[in-house]
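Here is what each chain is made of, one letter per residue.
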Amino acid sequence: ERLSLKSIFLSLMADYSFGIYFIHFYFILVLRKVNFRLTGEELPNGLFDWILFLLITLGLSVGAIYVMKRLLGKKSRLIIGS
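Predicted model only: the values in this text are computed from it and were never measured. (Residues numbered from 1 in each chain as written. Predicted model: local features only at pLDDT ≥ 70, side-chain atom pairs only at ≥ 80, totals over all residues. Heavy atoms only, no water.)

Caption draft 1: Spotlight on the side chain of N35. Along the chain, N35 falls in helix α1 (residues 5-39). Those residues in contact with N35 that sit more than four places away from it in its chain are G40, E41, E42, L43 and P44. (Helix = DSSP H or I, 4+ residues; strand = E, 2+ residues; numbered from the N terminus. Contact = heavy atoms within 4.5 Å.)

Caption draft 2: Quick look at a nonpolar patch on the surface. Among the surface-exposed residues, Y66, V67, L71, L72, L78 and I79 lie close enough to one another that they form a single nonpolar patch of about 640 Å² accessible area. Secondary structure elements with two or more residues in the nonpolar patch: α2 (46-72) and α3 (76-80). With four residues, α2 is the largest single contributor of residues to the nonpolar patch. What makes L78 exposed here is its relative accessible area of 75%. (Patch = residues over 30% accessible without salt bridge, like charges linked within 9 Å, V, L, I, M, F, W, Y side chains within 5 Å. Areas by Shrake-Rupley, 256 points an atom, 1.4 Å probe, with all protein chains shown as cover. Salt bridge = Lys/Arg side-chain N within 4 Å of Asp/Glu carboxyl O. Buried < 20%, exposed > 50% of the residue type's maximum accessible area, 1.4 Å probe, protein only.)

Caption draft 3: Here's a closer look at the packing of aromatic side chains. Taken as a whole and assessed by the stated rule, the structure comprises four aromatic pairs. Taken together, a centroid distance of 6.3 Å and an interplanar angle of 15° make the contact between F18 and F22 stacked. Placement of the pair is F18 and F22 together in helix α1, with a separation of four residues, close to one helical turn. With a relative accessible area of 42%, F22 lands in the partly exposed category. A network of ring pairs unites the aromatic residues F18, Y21 and F22 as a single cluster. (Phe/Tyr/Trp six-rings, centres within 6.5 Å; stacked < 30°, edge-to-face > 60°.)

Caption draft 4: A look at α1. Taking 1.5 Å per residue, 35 residues should reach 51 Å; α1 reaches only 35 Å between its end C-alpha atoms and comes up short. Every buried residue of α1 is accounted for by M13, Y16, G19, I20, I23, L31 and N35. The secondary structure elements touched by the buried residues of α1 are α2 and α3. (Expected span 1.5 Å × (residues − 1).)

If you want it as structure tokens, here you go:
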């Protein structure tokens, strides 16, 4: 049985949700500094910038969790909760 893209995305978010909650703030801090260096503003301006900020933060968080899960195996639950 083939899963839809929506099902795959929701399943991934369910599996990674606590890890995302736990580490996303660190990526937000980094992105705020990068944004400040590029624009002189600490926070994004406009709806498009906020959506981009959200997607980058989510992508970096999911990517970091994926790498940690692959490197640490079952021990990743102790470190990042996912």
